[in-house]
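Single-letter residue listing:
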Number of protein chains: 2
Amino acid sequence: MEKIPEYCKVEDALGILVGKWKPIILLHLLQKGTLRFNELRRIMPEITQKMLTKQLRELEDEDIIDRVVYPQVPPKVEYSITKYGQTLEPILEAMHEWGMNHTMHKMKQKNM
Amino acid sequence: MEKIPEYCKVEDALGILVGKWKPIILLHLLQKGTLRFNELRRIMPEITQKMLTKQLRELEDEDIIDRVVYPQVPPKVEYSITKYGQTLEPILEAMHEWGMNHTMHKMKQKNM
DNA sequence: TGGTATAGTACACAAAATGATACTATGGAG
DNA sequence: CTCCATAGTATCATTTTGTGTACTATACCA
């Protein structure tokens with residue numbers, strides 16, 4: 001394995017990926033391409049409006065997702081992954097797959 | 001991309017990977033194989049003792065790292081990645097690499 | 001006229017994560 | 001006798017994250 005440099009870059013990656021919701025939001029966006037605010041809410045019913053807004057803003061600030069506002073009433077706002085955000089796909093995919101196997105691992109431990 | 005199942009497994013992966021410190025601890029352990037408590041502290045001077053202890057315990061509980069206590073004074077405790085923990089390597093590698101590129105991305109934005 | 005839908009914001013509050021600092025036990029070195 | 005080193009624990013303060021509820025504007029539908 002390659003040596004970790006003095007100023008460990010992994011922390012930067014984390015700043016963007018961590019939080020209870022970001023990876024899930026990103027996985028859904030990767031999957032569907034584009035989603036409106038309330039579509040995201042319906043997909044993740046446990047997240048509050050405030051949290052969703054906050055996470056989306058942070059991802060937008062980091063240039064991971066795009067936010068397009070249509071001047072309509074009722075409002076319409078579409079979110080999608082930026083080109084740059086797509087570079088996160090390998091990490092998200094790896095997490096997703098690992099998560100699956102991890103569930104199996106736990107089931108074994110508990111003899112389910 | 002494959003469809004995300006009802007009960008999204010990514011959250012499980014996250015429970016283990018998130019936290020400001022876990023991926024960094026794991027990367028160092030992957031790199032060095034085995035490290036003592038204070039060696040980890042020296043490598044990551046910003047982490048507090050309490051946090052390091054906590055993160056290590058959590059990783060141990062999840063069967064990601066091993067903790068071996070040598071009955072000596074002063075105490076000696078060695079940490080290493082379990083076989084199961086090694087399955088996280090692809091994620092950690094992906095994060096590490098992405099973190100590097102992300103730093104470049106930011107430098108470009110700021111014209112550094 | 002009243003209800004529904006959208007994409008939020010504002011405020012009060014609770015809970016969880018993280019941080020700062022001090023403290024412990026004890027063998028060995030000087 | 002004093003100080004150092006190790007691998008922690010204990011306590012308190014602060015920061016981040018999350019929850020709950022109420023509120024907004026306005027086109028469309030009945």
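This section reports on the structure supplied with the text. Think of each chain on its own: its residues are numbered from 1, step by step along the sequence as written. The naming scheme follows written order: chains are lettered A onward, ligands numbered 1 onward. Local features in this predicted model are restricted to residues of pLDDT 70 or higher, and side-chain atom pairs are both shown and tallied only at a pLDDT of 80 or more, whereas totals for entire chains, interfaces and linings draw on every residue. Excluding hydrogens and water, the side-chain values take into account all heavy atoms of the structure.

### Quick notes on the sheet that holds strand 2 (residues 65-70) of chain B
Residues and elements named next belong to chain B.
Here is step 1 of the chain: The strand order 1-3-2 describes an open sheet built from 3 strands, whose pairing is antiparallel. Where the open sheet ends on each side, the last strands, each with one partner, are strand 1 (34-36) and strand 2. If you compare each strand with its neighbour and ignore which way they point, the axes differ by 25° on average.
Here is step 2 of the chain: Where strand 2 lies against strand 3 (residues 76-81), 6 bridges are found, and the strand directions are antiparallel. Looking across to strand 3, one finds that Val 68 is bridged to Glu 78.
Here is step 3 of the chain: Against the sheet, helix 2 (residues 22-32) contacts strand 1, strand 2 and strand 3, and its axis sits at roughly 90° relative to strand 3.
Here is step 4 of the chain: By definition, residues are in contact when any of their heavy atoms lie within 4.5 Å. Lines fitted to C-alpha atoms define the axes here, with helix axes fitted over just the stretch in contact, and angles between the N-to-C directions of these axes take values from 0 to 180 degrees. Each helix corresponds to a stretch of at least 4 residues labelled H or I by DSSP, and each strand to a stretch of at least 2 residues labelled E; elements are numbered beginning at the N terminus. Packing against the sheet, helix 4 (residues 49-61) makes contact with strand 2 and strand 3, and its axis sits at approximately 115° to strand 2. Two strands qualify as a pair provided DSSP detects at least 2 bridges between them.

### Topic: the packing of aromatic side chains
Here is step 1 of the chain: Within 6.5 Å between ring centres, the rings of Phe, Tyr and Trp (the latter by its six-membered ring) count as paired, and their orientation is classed by plane angle as stacked under 30 degrees, edge-to-face over 60, tilted in between. In this structure the tally under the stated criterion is 2 aromatic pairs over all chains.
Here is step 2 of the chain: With a centroid separation of 5.9 Å and 25° between ring planes, the pair formed by Tyr84(A) and Trp98(B) is classed as stacked. Highlighted residues: Tyr84(A) in the loop between strand 3 (76-81) and helix 5 (89-109) and Trp98(B) in helix 5 (residues 89-109), drawn from two different chains.
Here is step 3 of the chain: The classification of residues rests on relative accessible area computed with a 1.4 Å probe and restricted to protein chains. Under 20% of the type maximum is buried, over 50% is exposed, and intermediate values are partly exposed. The class of Trp98(B) is buried, set by a relative accessible area of 5%.
Here is step 4 of the chain: Cation over ring: Lys76(A) sits above Tyr70(A), and NZ or CZ is 4.8 Å from the ring centre. Only when the NZ of Lys or the CZ of Arg is both within 6 Å of the ring centre and within 35 degrees of the ring normal is a charge said to sit over the ring.

### Section: the interface of chain B and chain A
Here is step 1 of the chain: If you look at the interface, chain B gives 41 residues, while chain A gives 43 residues.
Here is step 2 of the chain: Here the quantity called buried area is the total loss of accessible area, with a 1.4 Å probe, experienced by two parts when brought into contact, counted for both. Around 4,100 Å² of area is buried between chain B and chain A when both sides are counted, 74% of it from carbon and sulfur atoms.
Here is step 3 of the chain: A carboxyl oxygen of Asp or Glu within 4 Å of a side-chain nitrogen of Lys or Arg is what we treat as a salt bridge. Our enumeration of links across chain B and chain A arrives at 0 salt bridges.
Here is step 4 of the chain: Think of a polar contact as two N or O atoms within 3.5 Å of one another; within protein, one of them needs to be a possible hydrogen donor and the other a possible acceptor, and neighboring residues in sequence only count if both atoms come from side chains. Taken together, the connections running from chain B to chain A amount to 4 residue pairs in polar contact (both at pLDDT 80 or more).

### Considerations on helix 5 of chain A
Residue pairs three or four apart in sequence face the same way in an α-helix, which turns once every 3.6 residues.
Here is step 1 of the chain: Here a helix's expected span is defined as the number of its residues, less one, multiplied by 1.5 Å. For helix 5 of chain A, which comprises 21 residues, the first-to-last C-alpha distance of 30 Å matches the rise-based estimate of 30 Å (1.5 Å per residue) to within 8%.
Here is step 2 of the chain: Considered for burial, the residues of helix 5 of chain A that qualify are Ile91(A), Leu92(A), Ala94(A), Met95(A), His96(A), Trp98(A), Gly99(A), His102(A) and Thr103(A).
Here is step 3 of the chain: Looking at the buried residues of helix 5 of chain A, the elements they touch are helix 1 (10-17) and helix 2 (22-32) of chain A together with helix 1 (10-17) and helix 5 of chain B.

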